[in-house]
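Listed below are the residues making up each chain.
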Amino acid sequence: MLTIKDLHVQFDTRHGVVDAVRGVNLHLDRGETLGIVGESGSGKSVTAFSLLRILDSGGRITGGHIDYRGIDLSQVDNASMNDIRGREISMIFQNPRAALNPIRKVGHQIEDVLRHHAQATRYDARAKAVAALEEVQIKDAASRYHAYPFELSGGMCQRVVIALALACKPQLLIADEPTTGLDVTTQKTVMDLIQALAQDRNMGVVLITHDLGLAGTYCDQLVVMKDGEIVEQGAPQKLTKNAVHDYTRRLLAATPHRGKQLHELVVDGVEKPIPPAGDILLSVNAVTKTYAGKAGPVQALQGVSFDIQRGGCLGLVGESGSGKSTLSSIIARLQDATSGDVQFNGASLFNAPASKYAKDTRRSEIQMVFQDATDSLNPRQTAAQSIAEPLRHLTTMNRLERNDRVEQLAEDVGLPLALLSRLPHQLSGGQKARVGIARALAVQPKLLILDEPTAALDVSIQALILNLLADLRHRLNLTYLFVSHDLSVVQMLCDTVVVMRLGQVEEMGPTEQVLSQPQSDYTRQLLQAMPTPLFA
Amino acid sequence: MTPRAKIISARILQAIPVVIGVVVITFLLTRSLPGDPAVYFAGDAADAESIQEVRQALGLDKPLPQQFFIYVADLVKGDWGNSLSTGQPVLSDLARRLPASLELTLLALFLSCLIAIPLGVLAAVKPGSWRDHLCRVVVTAGVSLPTFFTGILLIYIFYYVLDIAPSPLGRLGFLYIEPDPVTGFYLIDTALTQDWETFMGAAKQLILPACTMAIFTLAPIARMTRAAMLQALSSDFIRTARAAGLSQRKVLIGYALRNALLPVVTTLGMVFSFALGANVLVEKVFAWPGIGSYAVDALVASDYAAVQGFVLAMALLFVALNLIIDLLYAVIDPRIGFEAS
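Residues numbered from 1 in each chain as written. Chains lettered and ligands numbered in written order. Predicted model: local features only at pLDDT ≥ 70, side-chain atom pairs only at ≥ 80, totals over all residues. Heavy atoms only, no water.

1. Observations regarding the pattern of salt bridges
Residue and element names in this part refer to chain A. Evaluation of the coordinates by the stated rule reveals 27 salt bridges over all chains. Linking Arg104 and Asp112 is a salt bridge whose minimum nitrogen-to-oxygen distance equals 2.8 Å. For Arg104, a relative accessible area of 21% gives the class partly exposed. Between Asp471 and Arg475 there is a salt bridge, with the nearest N and O atoms lying 3.2 Å from each other. Placement of the pair is Asp471 and Arg475 together in helix H15 (residues 459–475), with a separation of four residues, close to one helical turn. Residue classification places Asp471 among the partly exposed residues on the basis of a relative accessible area of 21%. (Salt bridge = Lys/Arg side-chain N within 4 Å of Asp/Glu carboxyl O. Buried < 20%, exposed > 50% of the residue type's maximum accessible area, 1.4 Å probe, protein only. Helix = DSSP H or I, 4+ residues; strand = E, 2+ residues; numbered from the N terminus.)

Quick look at the structure:
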């Protein structure tokens, strides 16, 4: 159905011409699902965008053919291309909330597409739009028709995007990271939905993802891309068993799954010793937090209790809205709890209000590493300035002492000293994550709160950062509170797990025990959504 | 009441303290102006005793809080004092002149939007193209020419050289009879009575000063439209719309422009405010009997009640304007109102 031959795409940038795609060949049959796997910058999304010719300005196809059922998509004029888009070939995107027009009702957006492709008239458009919503299993579709994107959850928005893409019954669906940013359980339902719809309609699907586990579960064929080229392709089973290319092997190793050890993520990894567990460092006692919402009070936390031992690592697992971020910011004393107590090192943390805590002498003992390494760094500060920031406020070091400390910290986290003078936009994602960790370590904290520190990173970088964290924990005798929605990461790093849901502790215990004998339905659901160890 | 209606009525309620604040500030401001109004009112030949009499008559010898309550009571009764220079009640002066300024400014803004928004959209569709450069040249030229210069230039070309515009002397030529004031806007009042001859006469007088103002206000509107459109066009949802095959027109107007309108409306509000102020020069050039020239004349003549009335009227106008813009936001963007709660 679709054959791409020797596709080349170039981008004009401020620094000259960049070859984003260099000679890609692909083939897809009707009813088949093709996975394009690669990390950021590999050219996988550009390949997909050039299929529909929706490249950003400055990008153009400079060579090759895209043959779709006898039509060369790289040659047809814009008017015919507009007829093909949405009707023959559709696309769904990552970040579904942003992919929908924020100020237009979702039903109207689907109608726009239907009516543009003459699939509906003014009189039956509404009924057809509701039918399209029903097809993606949106409950109460008739009233959802009137919803705006901001009134729907992320998973619901992605269903709407899928409904929009499939409204005109296209033959080919391109899914560009369709589940990135969604909760694991939502991820599974969305992917199952796409798979079921594709089978129903005998539709070809191109799945673009950085997640090898996801691609392996849902695709018939896999293609691994790096630097604009295909380095390896084949059926998932075959590819994972007999990977030839170095990059594929590295990617396979870095993909976490059940039962994998942390050091197996990186090639030639060494197992890190786990520090011996000591007395209880942090004790959370019946903490509640209630916000005033527009429809009455919202109970973000409803009596959460757990302990962390000195030198331990506790994984706080839950989906968005489970209260795990609220709890971690209460422990970091960024906000106050409504009731309950947190004991740290034998004394209550709550004897000083959060607003005064910045000046508290204990401020440096609990530090935080934030989720988005890019957003949590001041764009106008160099890496060295960012790392030195807590030293300037919480210690009495002079400039020379601070410089020495910053260099030592950079060494600790594996950041080349030459990069210290760079601004955040001149650093890669992994380097920015290292800066964030170094900044948190600067004032020698006892407890480090890690708020999904690897969620925005490529898997190979995630593998390195996780190993770094394990190493630091041992070397500096740190205690971790690791917040994550990803059980497959937590099981490698943490020795205790707390599963949270709707502001309550659903289950807790030693990691191995929770994973092998889950007590609650919700934990079982989370475990099911974990990618299976396709590849040994 | 729907949540949205609740928020709108809450927003209207919020305007009340602002109005109270405006009244207090106008009162204090005019009390702190240099010069003693009693001296002016008493006239040139007055001695200390008669000035004191005038002061008592005006109530200026009373303590400030008491003066304030008298002032507020008079305001509510509709007594804004009398203008020294015109001899008329300030309120009736304002009622006659404010519509003249508003008619001019609103028409100017309308013309300006008619040119600036399409120009901004065209520039944003292809940044760096000749259209983009044209947009930049036009708006830079517009904002760098002072209004009195543009005004005189337009008069020279259209009145003196081409002789297609009427003489630039006020709102109506002397051949026409002023329409009965309903709204005070000549175009609307004549249209209401279907007096099309006077309508055309008023329109002819209006077009040159309105164009002068429009040229001056092009720049901020066009630039904001361009910037907001550029941002909207690079959003994810535009890519979705394009991938769904929607027409260029639908993508540009239906999706991108509607999302870009919010900052444009904000800018429009600001432009309207400064245009009302900047009107003075245009009003002077075209002998336009507007509120700007009235205020300048009053200030020069130390006409205390007129200045006070002008400041108060303008402040109330801006409160109303901000209210309208906030309500417009809620119309354009469904998310507003939910965020506020």
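Now that the structure has been shown, we can carry on.
2. Describing unusual backbone geometry
Residue and element names in this part refer to chain A. At Asp6, a position not held by glycine, the phi torsion is positive, near 50°. Considering the arrangement of structural elements, one finds Asp6 in strand S1 (residues 2–13). With a phi close to 45°, Glu177 is a non-glycine residue in the positive phi region. Among the structural elements, Glu177 can be located in the loop between strand S7 (172–176) and helix H7 (184–201).

3. What to know about the packing of helix H5 (residues 90–125) of chain B against helix H11 (residues 248–285) of chain B
Residue and element names in this part refer to chain B. Running from N to C, H5 and H11 point in directions that differ by 140°, and their axes come no closer than 8 Å. Here H5 lies oblique to H11, going by the angle between them. Classified by chirality, the crossing of H11 by H5 is right-handed. Residues Ser101, Leu102, Leu104, Thr105, Leu106, Leu109, Cys113, Ile117, Val121 and Val125 of H5 pack against Gln248, Leu252, Leu257, Val264, Leu268, Val271, Phe272, Ala275, Leu276, Asn279, Val282 and Glu283 of H11. Grouping the constituent residues of the contact of H5 with H11 by class yields 17 nonpolar, four polar and one charged. (Axes fitted to C-alpha atoms, helices over the stretch in contact; angles between N-to-C directions. Parallel < 35°, antiparallel > 145°, perpendicular 65-115°, else oblique. Left-handed = near helix turned anticlockwise from the far one by under 90°. Contact = heavy atoms within 4.5 Å. Nonpolar A, V, L, I, M, F, W, Y, C, P; charged D, E, K, R; others polar.)

4. A word on the side chain of Arg473 of chain A
Residue and element names in this part refer to chain A. With respect to the element layout, Arg473 can be found in helix H15. With a relative accessible area of 4%, Arg473 lands in the buried category. Leaving out residues up to four positions away in the same chain, Arg473 has contacts with Ile274, Pro275, Gly311, Gly312, Cys313, Leu478, Tyr480, Leu493 and Asp495.

5. What about the interface of chain A and chain B?
Listed per partner, the contact involves 30 residues of chain A and 22 residues of chain B. Taking both sides of the interface into account, the surface hidden between chain A and chain B amounts to around 2,200 Å²; carbon and sulfur atoms contribute 62%. Taking the shortest distance from any N to any O, the salt bridge between Asp112 of chain A and Lys250 of chain B comes out at 3.4 Å. Linking chain A with chain B are eight residue pairs in polar contact (both at pLDDT 80 or more), by the criterion used here. (Buried area = accessible area lost by both parts, 1.4 Å probe. Polar contact = N/O pair within 3.5 Å; in protein donor to acceptor, adjacent residues only side chain to side chain.)

6. Considering the sheet that holds strand S18 (residues 479–484) of chain A
Residues and elements named next belong to chain A. A sheet is described by the order of its strands in space; here six strands give the open sequence S16-S17-S18-S13-S19-S20, paired in mixed fashion. In this open sheet, the two strands that pair with only one neighbour each are strand S16 (366–369) and strand S20 (504–510). For this sheet, the mean angle separating the axes of adjacent strands, direction not counted, is 15°. Where strand S13 (residues 313–317) and S18 come together, five bridges link them in parallel fashion. Within the sheet, the bridge partner assigned to Gly315 lies in S18 and is Phe482. Lying over the sheet, H15 contacts S13, strand S17 (447–451) and S18, oriented at roughly 155° with respect to S18. Seen against the sheet, helix H18 (residues 521–529) touches S13, strand S19 (496–501) and S20 and runs at an angle of roughly 105° to S19. (Pairing = 2+ DSSP bridges.)

7. Brief notes about the packing of aromatic side chains
Across all of its chains, the model carries eight aromatic pairs over all chains by this definition. Here Tyr148 of chain A and Phe150 of chain A contribute two aromatic rings whose centre-to-centre distance is 6.0 Å and whose plane-to-plane angle is 20°, an arrangement assigned as stacked. Here Phe150 of chain A falls in the partly exposed class, since its relative accessible area comes to 26%. Each ring, one from Trp196 of chain B and one from Phe199 of chain B, has its centre 5.5 Å from the other, and the planes form 80°; the classification is edge-to-face. On the criterion of helical spacing, the pair formed by Trp196 of chain B and Phe199 of chain B is a turn pair, its members being three residues apart in helix H9 (residues 196–233). The class for Phe199 of chain B is partly exposed, based on a relative accessible area of 23%. Three or more aromatic residues link up through ring pairs in this structure, and these residues are Phe27, Phe68, Phe69 and Tyr71 of chain B. Across from the ring centre of Tyr357 of chain A, 5.5 Å away, lies the NZ or CZ of Arg333 of chain A, which sits over that ring. Note that Arg171 of chain B overlies the ring of Tyr186 of chain B, its terminal NZ or CZ placed 3.8 Å from the centroid. (Phe/Tyr/Trp six-rings, centres within 6.5 Å; stacked < 30°, edge-to-face > 60°. Lys NZ or Arg CZ within 6 Å of the ring centre and 35° of its normal.)

8. Topic: the domain arrangement of chain B
Residues and elements named next belong to chain B. When cut into domains, chain B gives domain 1 (3–76) and domain 2 (91–332). Computed from C-alpha coordinates alone, the two centres of domain 1 and domain 2 are separated by 32 Å. Overall, the association of domain 1 and domain 2 removes approximately 1,500 Å² of surface from exposure, summing both partners, and the carbon and sulfur fraction of that is 76%. At the surface where domain 1 touches domain 2, the tally comes to zero salt bridges. The tally of links from domain 1 across to domain 2 stands at zero residue pairs in polar contact (both at pLDDT 80 or more). Those elements that place two or more of their residues in the side of domain 1 that touches domain 2 are helix H1 (3–31), helix H2 (37–42) and helix H4 (64–77). The element that contributes the greatest number of residues to the side of domain 1 that touches domain 2 is H1, accounting for 13 residues. Looking at the side of domain 1 that touches domain 2 residue by residue, the class counts come to 14 nonpolar, two polar and three charged. (Domains from an automatic or database assignment.)

9. Things to note about the sheet that holds strand S5 (residues 71–72) of chain A
Residues and elements named next belong to chain A. A sheet is described by the order of its strands in space; here four strands give the open sequence S2-S1-S4-S5, paired in antiparallel fashion. Looking at which strands have only one partner, the edges of the open sheet turn out to be strand S2 (16–28) and S5. Bridging between S1 and strand S4 (residues 59–68) involves eight bridges; their strand directions are antiparallel. Note on S4: the bridge partner recorded for Thr3 is Asp67. Packed onto the sheet, helix H1 (residues 44–52) meets S1, S2 and S4 and runs at close to 105° relative to S1.

10. Description of the side chain of Arg97 of chain B
Residues and elements named next belong to chain B. For Arg97, the location among the structural elements is in helix H5. Buried charge Arg97 goes without a salt bridge, the closest partner of opposite sign being Asp297 at 5.6 Å. A polar side-chain atom of Arg97 sits 2.7 Å from the main-chain carbonyl oxygen of Gly290. Not counting the four nearest positions on each side in its chain, Arg97 is found in contact with Pro289, Gly290, Ile291, Ser293 and Tyr294. (Lys, Arg positive; Asp, Glu negative; His and termini not counted.)

11. With respect to a negative patch on the surface
Residues and elements named next belong to chain A. A contiguous patch of negative charge, built from Glu401, Asp404, Glu407 and Glu411, is present on the exposed surface. Mapping Glu407 onto the fold places it in helix H13 (residues 399–412). According to the relative accessible area criterion, Glu407 is partly exposed, its value standing at 39%. (Patch = residues over 30% accessible without salt bridge, like charges linked within 9 Å, V, L, I, M, F, W, Y side chains within 5 Å. Areas by Shrake-Rupley, 256 points an atom, 1.4 Å probe, with all protein chains shown as cover. Charge placed at Lys NZ, Arg CZ, Asp CG, Glu CD.)

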